[in-house]
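Here is how the chains run, residue by residue.
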Amino acid sequence: MKSADGAKRWLLVGIALAVVASYFTPQFNRYYLGIAIDCGINIILAVSLNLINGHTGQFSLGHAGFMAVGGYTAAKFSLVFEAMVPDSLKPLLFVAALTLGGLIAALAGLGVGVPSLRLKGDYLAIVTLGFGEIIRVVVQNMESVGAASGLKNIPKWTTLGWTFALAAITIYAVASLVNSTYGRGFIAVSDDEVAASSMGINPVRYKVTAFVTGAFFAGIAGGLYAHHKQFLSPTGFDFLKSIDIVVMVILGGMGRTAGVVIAAIILTLLPEFLRQFADYRMIIYSLLIIGLMMARPQGLFTLSFKKKGAASV
Amino acid sequence: MLEIDHLEVSYGSIRALHGISLKVPEKSIVTLIGGNGAGKSTTLRSISGLIKVRAGNVRYDGQDITNKPAHEIVARGLCHVPEGRMVFANLTVMENLHMGAYLRKDRAGIASDIEYAFTIFPRLKERISQLAGTLSGGEQQMLAIARALMSKPRCLMLDEPSLGIAPILVRSIFDQIVAINKERGLTILLVEQNANLALSISHYGYVLETGSVLIEDTAEALRKDPQVRAAYLGG
Amino acid sequence: MEWFLQQLINGLALGSIYALIALGYTMVYGVLRFINFAHSDVLMLGAFSAYYVAPAIEKVLPLPSVLGALVIILISTLICAGIGMLIEFLAYRPLRNRPKLTVLITAIGVSLFIEFTCQHKSVFGADTKPFPQLLPATDFHVLGLIISSNDLLVVFITAILLTALWFIVQRTKMGTAMRAVSFNQQAAALMGVNINKIISFTFGLGSALAAIAGILYALKAPGIEPLMGVQPGLRAFVAAVLGGIGNLPGAALGGLLLGLLETFAGGISGLSNYRDGIAFAILILILLFKPAGLLGKATIEKV
């Protein structure tokens, strides 16, 4: 299948890039290196949210919540076991931490996916928003993860290589899931849930799969983020962070992987370019969101746009 | 009274009307017949301002009303009873009638028109404080027509008044349409699937097919036309 | 028992404010079917309008005083009604008939825009400002309970506004038109209703209520800042969904319930830190069992 080949190509290119990047990493300027890692993390977040919002047509406003679950789980795990493990096994511990973070986030995804069976549109958006807020409040009150003052001294294990490799795996996983015969169901559910279910597609299973898979990768991204910034605070996972990810998906064009990847990169770099206008940065950002919705709601990288019937009233 | 000249309408890239022209003389009943997708409803919707016209124009009372907003067209005395009735289900029968008189200020006139509506459709009076959503299909159609009359129109456009209504009520609704035309001198543009019934009360008719006028003639002549009989009147 | 009554009074006062804000969310949802995220910022702008109007009024009328407070509230209300209508005209009207998601994201953008603009140092600045004492405040001690005059006033004003709103929506031509538009815009247009005017009016009305709520909230809060609307806005929004969004009595009921729940939960030690989360947890639970909210009617999607 052509698109599956495309997904494999992504994977190969990404892994190759990761290997090359990790080889040259010591020569990179630390500032640019940091930004490159941010790009990779945001790609994972955006592509995984795209599975939920774009491909499956659900509307989640709580992606930062999954990221927080994964980030805190992974960070706590590393902090607890760091001293017990010899240096040579540290990469293994890192993988274990990321995986655990992803799995716990996936569990949270299951928790959100189940209510989503009954809810649609705005209501679902609110439940996911509420879920994100609940996570934040819980973390804020958990002494074991630093509560409001944050979790500090997380080992710096995230490298450019790890980030790119995981971004490539995310893209590959989402693309091959959606492009498989099974995966056509996602698009069917997104296009018309009632019609899909009358064709024997079980929308419930697809929605839950989308939430669980999306949350898993968001959790991985959270783990990478934790071991990159070495510090986590509940305020970093608020509503605004979820909106950031949503904007990346919309800018890229819902359900379009390549566009979403490019959008994630642009939106990571944009604040850096706007640094000299620091005071106006967020004002410009909000205007950008409004402008985008008015001019190109279908995303920057989508050529055709299904126009609805002639305007009425 | 109502003149449509080379009207073109599209939905996205799909052309729905290919230059339709028709005339509705004052105090007459004119019917549009045709199959599904012929463009009958689209014609009415573009006249009443619900959808944008691409080309051509609509003249009412000698004035150009093409692409005017729907609420301005009502104000000129041209009222549209849309397909599916669209009564306000969350409002009572009385509130629905008052919505019909939204643009009027003459309390006495409104009260007497409500009385008139109740004389032509006595069933509505029995349901006066019921929510419109609880009415039967036929009663909702009566309400939709009565509500349209409340705006004191001089021309009424009716879209499929017989759709989904018990046959016994269809006859009485059509009798009232004739009565409104005769007693109040209202001009009526009627769209109807039931071509036989529609032509039986009309003066003039147009047969639409895929967005164009296929045949036009007096209702009498159309009923005798073999082509129309074969296609629309069941032989 | 005393504790219970005290919490009840505090909860009613807080819930009244939520109810006022929730009405705005629900009215806009009723006519346009989307969540106006910028509503919580109109609330903040209401408080700031009062903050800037108060010194000017003080030159003419004594403050704190009932008359002075009423004048300030009236002016701020008018300002915010105008802002609400302006937001609708500039940001939402061009997006009419677009997919709901597009409008929702735009609303979030508008909200962020107002918040960040107001935080800018040449606008309001991000710091917390002390809110002027508009009303002479006294505490009444009744049966061992402490009832502040502000709380009483909040409940009183809310009761009046709810009655007025009920009257407008149920008994006036404008209100009937609002209900007609919320049921079916096209059919309303065919009755001669200018849809844009009704939608504009709805925004104005909702924003006016938000402005009053903002001032009442500011009277109880330690101070005002550009993000002050976010938390009460979110709660009120939860309240609106709780009551069944689009349903006016539902919004009022949801607001009161949420205010009471929050106050009672806050009064129990150990739960108070989780107050922000509790509102959402309740919302999720309710939506799971009654997806259309407490008073909302479940609609079956037609195919």
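Residues numbered from 1 in each chain as written. Chains lettered and ligands numbered in written order. Predicted model: local features only at pLDDT ≥ 70, side-chain atom pairs only at ≥ 80, totals over all residues.

## Describing the overall build of chain B
Here is step 1: The secondary structure content of chain B amounts to 10 helices and 10 strands.
Here is step 2: The globule rule puts the C-alpha radius of gyration for 235 residues at 18 Å, and the 17 Å found for chain B is close to it.
Here is step 3: Considered along the principal axes of its C-alpha atoms, chain B spans approximately 45 × 40 × 30 Å.
Here is step 4: Looking at the 235 residues of chain B, the share that counts as buried comes to 46%.
Here is step 5: Here the analysis covers contacts within chain B between residues at least 6 apart in sequence; of these, 67% occur between residues at least 24 apart. (Helix = DSSP H or I, 4+ residues; strand = E, 2+ residues; numbered from the N terminus. Rg over C-alpha atoms; globule rule 2.2 N^0.38 Å. Buried ≥ 20, exposed ≤ 12 C-beta atoms within 10 Å, placed from the backbone. Contact = placed C-beta atoms within 7 Å.)

## Quick notes on the sheet that holds strand E6 (residues 78–81) of chain B
All names here are of chain B.
Here is step 1: Sheet architecture is open: 6 strands sit in the order E6-E7-E8-E3-E9-E10, paired in mixed fashion. Strands at the two margins of the open sheet, each flanked by one partner only, are E6 and strand E10 (212–218). Strand-to-strand twist of the sheet, defined as the mean angle between neighbouring strand axes without regard to direction, takes the value 15°.
Here is step 2: Pairing geometry for strand E3 (residues 29–33) and strand E8 (residues 187–191), over 4 bridges, is parallel. Bridging from a neighbouring strand, Ile-29 pairs with Ile-188 of E8.
Here is step 3: Sitting on the sheet, helix H1 (residues 40–47) is in contact with E3, E6, strand E7 (155–159), E8 and strand E9 (204–209), with an inclination near 145° to E7. (Pairing = 2+ DSSP bridges. Axes fitted to C-alpha atoms, helices over the stretch in contact; angles between N-to-C directions.)

## Topic: the pairing of E10(B)
Within a regular strand, the side chains alternate between the two sheet faces.
Here is step 1: Examined bridge by bridge, E9(B) and E10(B) share 6 bridges and lie antiparallel to one another. Opposite Glu209(B), over in E10(B), you have Ser212(B) as the bridge partner.

## Brief notes about the interface of chain C and chain B
Here is step 1: The interface of chain C with chain B comprises 14 residues on the first partner and 20 residues on the second.
Here is step 2: Only helix H6 (173–183) and helix H7 (185–190) of chain C provide two or more residues apiece to the side of chain C that touches chain B.
Here is step 3: When residues of the side of chain C that touches chain B are assigned to their parent elements, the largest contribution, 5 residues, is made by H6(C).
Here is step 4: A per-class count over the side of chain C that touches chain B returns 8 nonpolar, 5 polar and 1 charged. (Nonpolar A, V, L, I, M, F, W, Y, C, P; charged D, E, K, R; others polar.)

## Some details on the interface of chain A and chain C
The extent of an interface is frequently quoted as the accessible surface area lost upon association of the parts.
Here is step 1: Between chain A and chain C, the residue contacts involve 34 residues of the former and 38 residues of the latter.
Here is step 2: Secondary-structure elements contributing two or more residues to the side of chain A that touches chain C are helix H5 (121–140), helix H10 (239–252) and helix H12 (281–295) of chain A.
Here is step 3: For the side of chain A that touches chain C, the element with the highest residue contribution is H5(A), accounting for 11 residues.
Here is step 4: A breakdown of the residues in the side of chain A that touches chain C according to their chemical character gives 24 nonpolar, 5 polar and 5 charged.

## Some remarks on helix H6 (residues 137–149) of chain B
Because the α-helix completes a turn every 3.6 residues, residues three or four places apart line up on one side.
Residue and element names in this part refer to chain B.
Here is step 1: Taking 1.5 Å of rise per residue, 13 residues should cover 18 Å, and H6 covers 19 Å from first to last C-alpha, within 8% of that figure.
Here is step 2: By the criterion of burial, H6 is predominantly enclosed, with 12 of the 13 residues buried.
Here is step 3: All buried positions along H6 are accounted for by Gly-138, Glu-139, Gln-140, Gln-141, Met-142, Leu-143, Ala-144, Ile-145, Ala-146, Arg-147, Ala-148 and Leu-149.
Here is step 4: Of the surrounding secondary structure, the elements contacted by the buried residues of H6 are E6, helix H3 (93–100), helix H4 (107–120), helix H5 (122–126), E7 and helix H7 (167–184). (Expected span 1.5 Å × (residues − 1).)

## Notes on the environment of Gly39(B)
Residue and element names in this part refer to chain B.
Here is step 1: Within the secondary structure layout, Gly-39 lies in the loop between E3 and H1.
Here is step 2: The class for Gly-39 is buried, based on 25 C-beta atoms found within 10 Å.
Here is step 3: For the pair Gly-39 and Arg-223, spaced 184 residues apart in sequence, the C-alpha to C-alpha distance is 21 Å.

## A few points about the confidence of the model for chain A
Residues and elements named next belong to chain A.
Here is step 1: On average, residues of chain A score 83 in pLDDT, and 93% of them are at 70 or above.
Here is step 2: Confidence scores differ between elements of chain A, with helix H1 (residues 2–24) showing the lowest mean pLDDT of 70 and helix H3 (residues 63–81) the highest of 94.
Here is step 3: Confidence over residues 304–313 falls short of pLDDT 50; this stretch has 21 contacts with residues more than four positions distant or in other chains. (pLDDT = per-residue confidence, 0-100.)

## Some remarks on the confidence of the model for chain B
Here is step 1: Residue-level pLDDT values for chain B average 92, and 100% of them are 70 or greater.
Here is step 2: This complex was scored by the predictor with a pTM of 0.87 and an ipTM of 0.91.

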